[in-house]
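These are the residues of each chain, in order.
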Amino acid sequence: MSPVTILGLLINAVLVSTPPLLLAALGSCFSERSGVVNIGIEGMMTIGAFIGAMTAHYTGNGWVGFFAGGLAGMVFGILHALACITFNADQTIAGTAINFVGPGLAVFMSKALFNSSDSPSLTPAQKLPKMFSGTFAPGSFFYNVVETYPAAYLSIALVALIWFVFFRTRFGMRLRACGEHPRACETLGVNVRLVRYICVILSGFLAGLGGAFVTLSTVSQFRPSVIVGQGFIAIAAVIFGKFNPQGALIGCLIFGFCNGIKPLVGSSNVISPNLVSMIPYIVTLLALIFFVGNSRVPAASGKPFVKSD
Amino acid sequence: MKQKILQSNMLLTLISIVIGFIFGAILLLCIRINPGVAYAKLFTGVFSQFKYILYSAVYASPLIFTGLSVAFSFKTGVFNIGAEGQFVVGSLAACLIGIFVDVPAILHVPLCLLAAMAAGVLWSAVVGYLKVARGINEVLSYIMFNWIAFYLSNYVVNIPAVHKEGGGEATKDILASAKMTAPSFITQICSYANWGFLLAIACAFLVWFTIEKTTLGFQLRAVGHSRTAAEYAGISSNRIFLTSMSISGALAGLGGAVQILGMSGRLSQFAGQEGYGFQGITVALIASSNPVGCIFSGLFYGAMKYGGSKLSIVGVPNEVVNIIMGTIIFFIAISQVFRLLLNRKKKGGVA
């Protein structure tokens, strides 16, 4: 294989394994930045993965499934918002609850509908479409880099959009302020609860999309183990990226890259795939220790906001 | 006063448990399963024979340990989401010592337990060090360490010297001297019965004593309430964080050892995270982080897991157990609202 081809394969692998993490991580950014810890990302991704696969199975349309997965995550986002914002619940506990209910419900529904914890395999037509199919010679650099899921490129474009929202719009300024000093925000007439509601619901939607991307792209069906851990890794990427969308992108790319090369390295049989799998976690820790330094959590993160009378 | 709060906490937990079961019943009705049948199976699956009760206790033992681990760290305000990883390295250490060190039983079991504790301490103390010395968010490093433990364990299981030939994807069996099996008159009833449960109860009381009756416990709680106030009183919060995270890790590691020495006798390759650590979070939450309460909530979870494993016999998806547990935690999380409502009602009554 020429170096160019290998590079193409690598980019392809990264483009497929990064978007689920990235979408979920962007969701986590919204929630955390507005001051609500959302550890339930994992559960939201799992329910998104199932509803995405199920919807695509019944409608035959990958995009519809993708969107439905997002909506399913959003339902859990609403639950999380309700618990944390309206009922002042402990945010970590509410998130832990979602991590039990989300995956449980996904497998429960799969067994009820399909008599199996796995959903039926999706045909390529039922999955997310690829761009420019048939334009490039299979195996060529451009085949690997361009002829892939537009949803992957969309998720990366979303980073720029969310960066813009966070740092260049009035809403973004308010949501960041809600995470730092909600009391001051309220004094200035910002509806802290409303802003947080919007952010937490958005985080559910994005996490659901991330989950749906998994079942509608690389994996052929929903399985109980399809998400396992990716939600937590997305949260890790966000802390790594200091709660900024662009930082989270770098974190997700590290994990995506290592996940992507796993099959390539694993097939060579030189290094144990288990050791290769460890690399992203060790790299993240080392990067934190030596390069990134303190990742400061938004000041009001995790604290319920009780409106003053 | 304190008694009152304790009681009301317990009441709220009981209400949450009832709501959890009601929600599970509604879901079962949605897929046209009679919840009566399902719950009857769950109930008889745990209580209809003495044997089943013993099995539930066996299932509960590792959960009590991870529950204690999480509850202990909660006291200092640290969320030990890494109990999963500490549990895994604990079971790995216990398993290796159990296979390769050949000493009499009276030394072997304590040696395995110590090794598991040491591994758990290491796995948690490094995270504590990173938090204290480098300011790295402990939730992040705990998650990283969970996965490193996961892959490390899978790696070790597959090393030829450790791997059992033709034994599937698992290690060799631990030596008989390392087993914590209960006396034969009990194992005749339940073949997995082991000392782990009694050890768990002993640890629960030890943890309770440490938190409530010792200077260290006071310092832990002080830091948990307010780090700055504790510093002002001359307590080094960094030292306290390290101590509490280490002890928390040791408890989770012990849980892993109990699982190996008491029940499985070997370590299998994981397909996904086993979830003992995450279930420990639930155990701690249901117990409101009370160490003695962890015994009961651990038993509850153990019984649900054991009874739940029989649900498929009557055609019920056993995921309903996780859904019920999740719903219970969700309502415990928002239970402050119930308390407000109850208080308001009481006040209204007086007026």
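Shown above is the structure to which this text applies.
Residues numbered from 1 in each chain as written. Chains lettered and ligands numbered in written order. Predicted model: local features only at pLDDT ≥ 70, side-chain atom pairs only at ≥ 80, totals over all residues. Heavy atoms only, no water.

Draft legend 1. Molecular detail of the layout of surface pockets. Quantified by volume, the second largest pocket comes out at close to 1100 Å³. The wall of the second largest pocket is formed by 34 residues, among which Q273, E274, G275, Q279 and N322 of chain B lie closest to the centre. Those elements that provide at least two residues to the lining of the second largest pocket are helix 2 (41–59) and helix 4 (91–114) of chain A together with helix 12 (276–286), helix 13 (291–308) and helix 14 (319–333) of chain B. (1 Å grid on protein atoms, 1.4 Å probe; cavity = no way out; pocket = protein on both sides within 12 Å on 5 of 7 lines; lining within 4 Å. Points joined across faces, edges and corners; volume = space filled by probe spheres on them. Helix = DSSP H or I, 4+ residues; strand = E, 2+ residues; numbered from the N terminus.)

Draft legend 2. Representation of helix 6 (residues 138–157) of chain B within the structure. Residues and elements named next belong to chain B. Compared with an ideal rise of 1.5 Å per residue, which puts 20 residues at 28 Å, helix 6 spans 28 Å between its outermost C-alpha atoms and is within 8% of the ideal. Helix 6 sits mainly inside the fold: 18 of its 20 residues count as buried. The residue sitting at the N-terminus of helix 6 and contributing the capping side-chain oxygen is N137; that oxygen lies 2.9 Å from the backbone nitrogen of V139. (Expected span 1.5 Å × (residues − 1). Buried < 20%, exposed > 50% of the residue type's maximum accessible area, 1.4 Å probe, protein only. Polar contact = N/O pair within 3.5 Å; in protein donor to acceptor, adjacent residues only side chain to side chain.)

Draft legend 3. Region of the structure containing empty space enclosed by the protein. Residue and element names in this part refer to chain A. All chains considered together, the criterion is met by one cavity of 30 Å³ or more. The computed volume of the largest cavity comes to approximately 40 Å³. In terms of lining, the largest cavity is formed by V36, C84, I85, N88, Q91, R193, R196, P304 and F305. Listed by contribution, the elements that provide at least two residues to the lining of the largest cavity are helix 3 (62–86) and helix 9 (192–216). Considered class by class, the residues forming the lining of the largest cavity number five nonpolar, two polar and two charged. (Nonpolar A, V, L, I, M, F, W, Y, C, P; charged D, E, K, R; others polar.)

Draft legend 4. Examining the nonpolar core more closely. Judged by nonpolar contacts, the single largest core of 199 residues is most densely connected at F66 of chain A together with I81 and L261 of chain B. With 14 residues, helix 9 of chain A is the largest single contributor of residues to this core. Counting eight residues, the second largest nonpolar core, distinct from the first, contains Y52, L54, V58 and A182 of chain B. (Core = buried A, V, L, I, M, F, W, Y, C linked by side-chain atoms within 4.5 Å.)

Draft legend 5. Up close: the pattern of salt bridges. All names here are of chain B. With the rule as written, the count across this model stands at five salt bridges over all chains. We note a salt bridge from D173 to K164, for which the minimum N-O separation is 3.2 Å. Judged by relative accessible area, which is 27%, K164 ranks as partly exposed. The salt bridge involving D173 is made with R266; its shortest N-O contact spans 3.0 Å. Of this pair, D173 sits in the loop between helix 6 and helix 7 (184–187) while R266 sits in the loop between helix 11 (237–264) and helix 12, placing them 93 residues apart in sequence. For D173, a relative accessible area of 34% puts it in the partly exposed group. Shared partners join several salt bridges into a network, and the residues in it are K164, D173 and R266. (Salt bridge = Lys/Arg side-chain N within 4 Å of Asp/Glu carboxyl O.)

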